[in-house]
Structure formats: C-alpha cells, structure tokens
Amino acid sequence: YRLVGAGADGEDRTVEAALRPMDLDEFIGQERVREQLNLMLRAARARGATADHVLLSGAPGLGKTTLSMIIAAEMDAPLRITSGPAIEHAGDLAAVLSSLTGGEVLFLDEIHRMSRPAEEMLYMAMEDFRVDVVVGTGLGATAIPLELPPFTLVGATTRAGLLVPPLRDRFGFTAHLEFYAPAELERVIHRSARLLDVAIEPEGAAEIAGRSRGTPRIANRLLRRVRDYAQVKADGVVTREVASAALAVYEIDGRGLDRLDRTVLGALLGLFGGGPVGLSTLAVAVGEERETVEEVAEPFLVREGLLARTPRGRVATPAAWAHLGLAPLPQGGS
Ligand code: ADP
C-alpha cells in the first residue's frame, strides 16, 4: 500500500463518490479541456444528438472517470462503466454494447488493455453503431449483424499513443489531462475539506498541495490522513504545522516523495555516487524488484527532475543531491 500511489484503493472508492465534481463548472483546472468539452456537449445537446466519442488520456487520479460522469450528467444520459481488462473476449464487448440504451455513455477505462478482437469490434461499433456477432465455429460459423443504438464512448488511457491508430482515429474528441498546478490542488483540497466538514487554513491546504504530486486523488487522500491527525493530535483544525507533522508521520516529504522514492534516490547517491548505475544493480541495492523501482518509484523522480534514465544507466541530477541535503561528489577526470 502506498499513500502517494495514484491508483484508487478501497477507501478512495468509497470516499471519492462524495468528492466528485458533478458538472463542468465544479471541475477544477484543465481549463482548455473543460472549455472544449463544454462547447462539444452544448452543441450536441442543441442538435438533440448523441455526443461524439471522447478519448481521455492522462495519469491515474487526474479526473478521467470524473469527466465521464460529468459528460453523462451534462447529456442527461445514463452511464455504464467498464474497463479494457474486464473485456476478455469480443463476446463480452458485444454483450455490453447490445445492452446499451440510446444516448447512453459508455466509459471504458484502460481501453488500451482490450484484446485485439474486442478492439476491432469496438471500432466498427463506434463508426457504424453495428457489431457482427459470430455464432458457431469452423465452417458453420456465421456473422449476424446487430444494430446498436447511438451511444457515446468515453475511452480512458494513460497515453493515447498506446492505442492502435484505427481505434484512436474514431474518437471525435481527444483530450490530454495534465498534472495539476499546486494552486489548483489547493482548490481541490479546499473543496474536499468543505464537503468532508474539515476546518482547514490556507497554509494547511498549501502544505498538502505541495506534496500531492500534481494529482487530485493523492491530494484528497493526504487530506484524509491529515484530518485524522488533526482530530487526534490537535484541535481538528488543519494548519500548516498540523499538515506538516501529519505527513511527516507518513514519511511523505515536502516534495511528495515517500520512503521508497527516497530509498532509491539515497542509494543512487550514497552507494553509486549519483550514477550512472544499471537498473538491476540499483534494485538489488534497495532490496526491491526491478519493476518496482522502474514503474513505481522512477516515474515521479524523473518527472521531478531528480533522476535521469540514460543509455548508460540511472543518473542523479544536481537537484537530487540538494533534495537529500547532500553535497555532490567531486567529478573525476578533467
Ligand atoms: P482517474 O479516472 O483519472 O483515475 P478520477 O476521476 O477517479 O481519476 O479522480 C480521482 C479523484 O480526484 C476523485 O475523487 C475526483 O473527485 C478527484 N478529482 C479529479 N479531478 C478533479 C478536478 N478537476 N476537480 C476536483 N476533483 C477532482
């Protein structure tokens, strides 16, 4: 379990329902995406048409599911939620598609993880609102065409580039969600604090925002942990001191690095003089799996400009030395 992990855990799933913005006006940040979506949805509504298919890309926790709910709400349409990994066979997708009602919004999370046959069925359905259901096998197999009601597909993926072009091309609207600026996260935190009935000072919100890795889901989660601390150890009010002390308990530092991040960075600096060092060697040194270092710790360290992946191995940047309060080793050679 990782407090600064961007994926949703059990508690997130319960609490997030209460914290989700319900319309575009309530959705914080992502100004351009919001404006474009607003235009698209208003035009579709005015025409009495179903909205175009929407592809949302971006890291976990940035608001893709929330936007799909907002799209459905703004279109006054029901919403169905599923995900690529849940669709193992084309038949699973046919079952979902054929049960949609007219105008329904279908949210397909991790759309890049669908099987190839399902993917092919999906792009035909997106374009022609029709699927061919194959019954029987071998020589006796026949494709039965099935008409679908018009629907809006909202696909979500971490990177649009993971989609095969024929699928990507069938979205009328594509938006990339960026990480949030600290000021935007402060607004997210103030809004959530209001909904959760937590008293918070602006400096307290700023302290949490700075450690939230640009991600609203993490901001909301840290707020809940800080609230616990404020309740038990203080008078319930989230001040800068309370936020800072609470997050110190959870070992989240001022920049949002957790213990794993600092262990990796610390080894890179302390054991390997800042690198370059190979991923496997670094992983062994910190006693973690290669994948954990590469997929869990490194992306944020790279994003923060603390670590670089080079052909010769992992290298710490000067900012990494500064962050851990160490002086860089003198470089050898001339
Ligand atoms: P994703 O689907 O991209 O993983 P979610 O839509 O589930 O992310 O959002 C995670 C949490 O962050 C939700 O609780 C949601 O309310 C909150 N959130 C995300 N984006 C925003 C935003 N722009 N404004 C306010 N809250 C947000």
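This text goes with the structure placed above it.
Bear in mind the structure is a predicted one, so any value in this text is a computation, not a measurement. (Residues numbered from 1 in each chain as written. Predicted model: local features only at pLDDT ≥ 70, side-chain atom pairs only at ≥ 80, totals over all residues.)

**Student:** Help me understand the site of the ligand, please; the structure alone is not making it clear to me.
**Tutor:** Around the ligand sit 19 residues in total, of which Glu16, Gly63, Lys64, Thr65 and Thr66 are the nearest. Only α1 (10-19), α3 (64-74) and α9 (216-233) provide two or more residues apiece to the shell around the ligand. Here the residues of the shell around the ligand are counted per class, giving 8 nonpolar, 7 polar and 4 charged. (Near = placed C-beta within 6 Å. Helix = DSSP H or I, 4+ residues; strand = E, 2+ residues; numbered from the N terminus. Nonpolar A, V, L, I, M, F, W, Y, C, P; charged D, E, K, R; others polar.)

**Student:** What should I look at first to understand the sheet that holds strand β6 (residues 152-157) in this one?
**Tutor:** Backbone-to-backbone hydrogen bonds join strands into a sheet, with any given pair of strands oriented parallel or antiparallel. The strand order β2-β3-β6-β1-β7 describes an open sheet built from 5 strands, whose pairing is parallel. The open sheet has two free edges, formed respectively by β2 (79-83) and β7 (173-176), since each of these has just one partner strand. Averaged over all adjacent pairs, the angle separating strand axes in this sheet is 15°, with direction ignored. Two strands pair when backbone bridges link them, and β2 and strand β3 (residues 105-109) are joined in this way by 5 bridges, in the parallel orientation. The residue of β3 that forms the bridge with Leu79 is Val105. (Pairing = 2+ DSSP bridges. Axes fitted to C-alpha atoms, helices over the stretch in contact; angles between N-to-C directions.)

**Student:** I keep staring at the environment of Arg240 and nothing clicks. Help me out?
**Tutor:** Tracing the chain through its elements places Arg240 in helix α10 (residues 240-249). The partly exposed category is assigned to Arg240, around which 15 C-beta atoms lie within 10 Å. Each C-alpha atom of the pair Arg240 and Pro299 lies 28 Å from the other, and the pair is 59 residues apart in sequence. When residues no more than four places from it in sequence are discounted, the contact partners of Arg240 are Glu201, Glu203, Gly204 and Glu207. (Buried ≥ 20, exposed ≤ 12 C-beta atoms within 10 Å, placed from the backbone. Contact = placed C-beta atoms within 7 Å.)

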